[in-house]
Amino acid sequence: QTNNAQVYLFEDYFQKKKMIACGPTVLAMALDISAWPLNVFPNGEQPEDSILMILHNPANLELFKKIRDIDYDIYPPNEVPQLYPAVTEMIYQDKNVCHFKWGLTLDMCKYLIDNDICVMVSGDFPAGGHYVLIVGYEDNELIFNDPYNLQWPDNNGYNRRMSKEFFETNVKPRGYRLEIYKNRGA
């Protein structure tokens with residue numbers, strides 16, 4: 001069978017001995033928090049699996065190359081943040097679900113949280129390059145949810161604390177964020 005995204009994912013998995021799905025999982029978490037319906041995905045399938053399949057579907061490659069023209073054999077589409085707005089537009093036929101933006105500061109994250117905008121960021125975490133979802137803050141700490149709970153000693157990825165120092169050293173240098181907006185029709 002050709003043109004099957006799952007085949008490409010499993011080939012990648014068996015070469016690397018790991019399958020990276022933190023981006024699609026964080027996006028699914030953000031969509032849920034932002035009241036975007038998850039029942040648009042196939043019955044019985046996890047939303048992050050559907051998102052992963054959209055990202056790896058060879059039929060979408062030409063569109064993705066127009067968004068960011070890089071070698072997708074080297075950089076898997078699920079690791080390219082500029083593609084997530086196109087994926088949410090495909091799912092909901094709405095350009096206002098998710099936006100990629102340059103510029104990332106602690107104050108910007110706080111502002112977005114205060115305005116009910118989910119913030120998806122990438123940084124260097126114990127497991128390597130990784131996406132997490134900022135869900136709140138307290139003073140100079142960000143509170144985030146991590147879909148890969150196994151990298152934490154207590155196996156809990158929810159309501160983790162990120163110090164200002166960690167943010168400045170490991171997240172801010174990437175310089176971008178994905179903003180997921182509330183579904184105002186919900």
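Turning to the overall build of the chain, a few remarks are in order. A tally of regular secondary structure across the chain gives seven helices and six strands. Mapped in sequence order, the helices and strands of the chain form the string α-α-α-α-α-β-α-β-β-β-β-α-β. For the chain, the spread of C-alpha atoms along the principal axes amounts to about 55 × 40 × 35 Å. Considering only contacts within the chain whose residues lie at least 6 apart along the sequence, 59% involve residues at least 24 apart. Separation between the mean location of the 17 positive side-chain charges and that of the 25 negative ones in the chain comes to 4 Å.

This brings us to the side chain of Glu48. Along the chain, Glu48 falls in helix H3 (residues 47–56). Despite its burial, Glu48 pairs with no opposite charge; the closest candidate is Lys182, at 18 Å N-O. With residues up to four places along the chain from it excluded, the contact list for Glu48 reads Pro24, Thr25 and Ala28.

Attention now moves to the sheet that holds strand S1 (residues 98–102). Read from one edge to the other, the open sheet built from six strands follows the order S1-S6-S2-S3-S4-S5, with strand pairing classed as antiparallel. Strands with a single pairing partner mark the edges of an open sheet, and in this sheet they are S1 and strand S5 (160–162). Looking at each pair of strands side by side, their axes are set apart by 40 degrees on average, direction ignored. Relative to strand S6 (residues 176–180), strand S2 (residues 118–125) runs antiparallel, the two sharing three bridges. When the bridges of S6 are listed, Met120 appears paired with Leu178. Contacting S2, strand S3 (128–138), strand S4 (141–145) and S6, helix H2 (residues 22–33) crosses the sheet at an angle of about 25 degrees to S3.

About the thresholds
- Residues numbered from 1 in each chain as written.
- Predicted model: local features only at pLDDT ≥ 70, side-chain atom pairs only at ≥ 80, totals over all residues.
- Heavy atoms only, no water.
- Helix = DSSP H or I, 4+ residues; strand = E, 2+ residues; numbered from the N terminus.
- Contact = heavy atoms within 4.5 Å.
- Lys, Arg positive; Asp, Glu negative; His and termini not counted.
- Charge placed at Lys NZ, Arg CZ, Asp CG, Glu CD.
- Buried < 20%, exposed > 50% of the residue type's maximum accessible area, 1.4 Å probe, protein only.
- Salt bridge = Lys/Arg side-chain N within 4 Å of Asp/Glu carboxyl O.
- Pairing = 2+ DSSP bridges.
- Axes fitted to C-alpha atoms, helices over the stretch in contact; angles between N-to-C directions.

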